[in-house]
Amino acid sequence: MRILMALGASAAMLVPAVPAAAAAPAPADPLAAFHHQKLRWTSCHMKELDDAGARCADVTVPLDYAKPHGRTIKIAISRLTAKGPRLGTMLINGGGPGPAIDMPPYIRDITPKAGPRFDLVGMDPRGLGRSAPVDCGWPSGTWIRSAGLTGRSFDASVTFARTLTQRCVTKYGSFLSHISTRNIARDMDVVRAALGEKKISYNGASYGTYLGAVYAAMFPGRLDRTVLDSNVDPDRWTGRLLQDGEQANELALAHWADWTSRRDATYHLGRTRADVLGTVRAVIARSSRSPLLVGPYKVDDSTIPTVLFNLLADDRDPHRTALAEAVADLNRAAHGEHVPAKGALDESLKFLLTATDSAYGSGQAAIICGDAPAPRDIATYRRDVRRGIARHPIFGALGEAITPCAFWPSPRESLTKVRTTLPSLLVGATGDTRTIYTGSQALHRDLKGSRLITLKADVHAPYQASYGNTCVSGAVDSYLLTGRLPAADATCS
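Residues numbered from 1 in each chain as written. Predicted model: local features only at pLDDT ≥ 70, side-chain atom pairs only at ≥ 80, totals over all residues. Heavy atoms only, no water.

1. A look at the environment of Asp329
Position of Asp329 relative to the elements: it lies in helix 12 (residues 317–334). Remark: the alpha-carbon pair of Asp329 and Trp259, spanning 70 residues in sequence, is separated by 17 Å. Discounting chain neighbours no more than four positions away, the residues touching Asp329 are Val339, Pro340, Lys342 and Leu345. (Helix = DSSP H or I, 4+ residues; strand = E, 2+ residues; numbered from the N terminus. Contact = heavy atoms within 4.5 Å.)

2. Looking at the nonpolar core
Ile77, Leu253, Trp256 and Leu308 are the most contacted members of the largest nonpolar core, which has 115 residues in total. In terms of nonpolar packing, the next biggest core, distinct from the first, is built from 34 residues, Ala76, Ala114, Val476 and Leu480 among them. (Core = buried A, V, L, I, M, F, W, Y, C linked by side-chain atoms within 4.5 Å. Buried < 20%, exposed > 50% of the residue type's maximum accessible area, 1.4 Å probe, protein only.)

3. Quick word on the state of the cysteines
This model, assessed by the stated rule, comprises four disulfides. Here Cys471 pairs with Cys492 through a disulfide, and the sulfurs are 2.0 Å apart. The S-S bond linking Cys471 to Cys492 shows a torsion near -65 degrees; that makes this disulfide left-handed. Of this pair, Cys471 sits in helix 18 (residues 470–482) while Cys492 is found in strand 13 (residues 490–492), placing the two residues 21 residues apart along the sequence. Assessed through its relative accessible area of 36%, Cys471 is described here as partly exposed. Residue classification places Cys492 among the buried residues on the basis of a relative accessible area of 1%. Indicated for the protein is the disulfide connectivity 1-2, 3-4, 5-6, 7-8, based on numbering the bonded cysteines in sequence order. (Disulfide = S-S within 2.5 Å.)

4. Notes on the environment of Pro133
Relative to the helices and strands, Pro133 resides in the loop between strand 4 (118–123) and helix 5 (151–172). Under the relative-accessibility criterion, Pro133 is labelled partly exposed at 30%. Counting along the chain gives 44 residues from Pro133 to Thr89, while the straight-line C-alpha distance between them is 25 Å.

5. Focus on the sheet that holds strand 5 (residues 200–205)
What the nine strands build is an open sheet, ordered 1-2-4-3-5-6-10-12-13; its pairing is mixed. For this open sheet the edge positions go to strand 1 (55–62) and strand 13, each flanked by a neighbour on one side alone. Recorded for the sheet is a direction-independent mean angle of 20 degrees between the axes of neighbouring strands. Packed on one face of the sheet, helix 6 (residues 181–194) meets strand 1, strand 2 (72–80), strand 3 (88–93), strand 4 and strand 5 and runs near 120 degrees to strand 1. (Pairing = 2+ DSSP bridges. Axes fitted to C-alpha atoms, helices over the stretch in contact; angles between N-to-C directions.)

6. Topic: the pairing of strand 4
Across the six residues that make up strand 4, a large majority, six, are buried. Because side chains alternate across strand 4, one face comprises the buried residues Phe118, Leu120 and Gly122, and the other comprises Asp119, Val121 and Met123, equally buried. In terms of strand pairing, strand 2 meets strand 4 through four bridges, oriented antiparallel. Following the sheet pairing, Ile77 is matched in strand 4 by Met123. Here five bridges tie strand 3 to strand 4, and the two strands are oriented parallel to one another. Counterpart to Met90 in the pairing with strand 4 is Leu120.

7. Observations regarding the pattern of salt bridges
For the structure on display, the rule yields 23 salt bridges. For Arg86, the salt bridge goes to Asp119, with nearest N and O atoms at 2.9 Å. Of the two residues, Arg86 is situated in the loop between strand 2 and strand 3 and Asp119 in strand 4; the sequence distance between them amounts to 33 residues. The salt bridge involving Arg271 is made with Asp264; its shortest N-O contact spans 3.6 Å. Through salt bridges with shared partners, one network takes in Asp235, Lys417, Arg419 and Asp446. (Salt bridge = Lys/Arg side-chain N within 4 Å of Asp/Glu carboxyl O.)

8. Comments concerning the pairing of strand 10 (residues 425–429)
Most of strand 10 sits inside the fold, with five of its five residues counted as buried. Here strand 10 shows no split at all, with Leu425, Val427 and Ala429 on one side and Leu426 and Gly428 on the other all buried. Taken together, the three bridges between strand 6 (residues 223–229) and strand 10 define a ladder with parallel strand orientation. Considered in strand 10, the bridge of Asp229 is made with Val427.

9. Observations regarding helix 10 (residues 273–289)
For helix 10, built from 17 residues, the straight-helix expectation of 24 Å at 1.5 Å per residue is met to within 8% by its first-to-last C-alpha distance of 25 Å. Residues of helix 10 that are buried: Val276, Leu277, Thr279, Val280, Val283, Ile284, Ser287 and Ser288. Those residues of helix 10 hidden inside the fold are in contact with helix 5, helix 8 (246–261), strand 7 (292–294), strand 8 (297–299), helix 11 (304–310) and helix 12. (Expected span 1.5 Å × (residues − 1).)

Here it is as structure tokens:
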């Protein structure tokens, strides 16, 4: 479905072209006016940033880098300046894709030795946060939705994905074609130059590892100390982003079921792993026949797997408790109780079933679908969902589900082939449910000169999530402080 409409509501996000450069003879550097722009630093008007002493600025970049003298947009950045001997500027991305302007104080806090030695810069990628945001008016904060267990649920998932795309195309038209990771990497390089840096350090997690790898391939030699946490395989970056993660999620859920079975007196979900997993499957099956009532929400087989996925990213006790409480409430609802929505379950359902975070989901889909195509044939998804459920009864219909990318306008550029030299430190967890461990292994092979720290745990982004493993944090902090990579790959228990 290739629909390109005239720029509509997004026009308000555009600003005039850089004034003097358009009239002057083209310089050797077509982006010179952007690279040498003077930034105006102001209050961030975000409490955590202002309290930490950070300052914010807007960086002007081309909407279309093929037409640098055309329309421009503003990219929002924050900066928390170094204390003590300065080691340079470090750009931060926390994944998602999502906004990152608020991250410098957090990164400084979790890296108390290395963090204060850098100017820490957060950047909202284009399409998100304060950087030309895309908000399509979705009834949900995410496009991630299971195809469910029935033909009726599958048809509803197709309608849902198609409707999300139609809302974005109707509101933003051809503006969507300029939202992509390659353009975000180009924005990064303008930010680097505007900050007066020949090189920047980089700290990225999850999607941020893909962005960092793309930047390294497009702009070789411009990254200094680079930490990539929970890595994406660049060759597997597609519009069906969850397709490889079903097995990892099933296994992590089994580990959680072991933990939960030892607490049956509290949660009443079963005394063995098999009993707990049987309860989960029964709840999903019951919701496929008629939605469960949880507070103001109607919850069915399209949303429960997404709730589980959302709460399964960390194996520490507080996170496992939140998931157990959520499943216990869903189990009560499956037995006819109208339970209140509370805690992590309430937060997840609000995110999934209301328009509160529409801008987050819209901008995320714009980047992912703007990067890579997805199959257009509905029958492909129907077949894959059936196979997925047979192999992975809880997460198969989620991993194989159709996404808005099936209906999105085709990407303007091909995916970046990441095969480059980048001395960098990679961190990957063996039981990661979001960016599975094979992604860290693949990116390690793609980036010559890199080192991989492996953590044996079911956790996503163990460094940026401040997992508390001193083996991981010690390796990262030592590298950031000294610039010296470990002599070899290492495994942390």
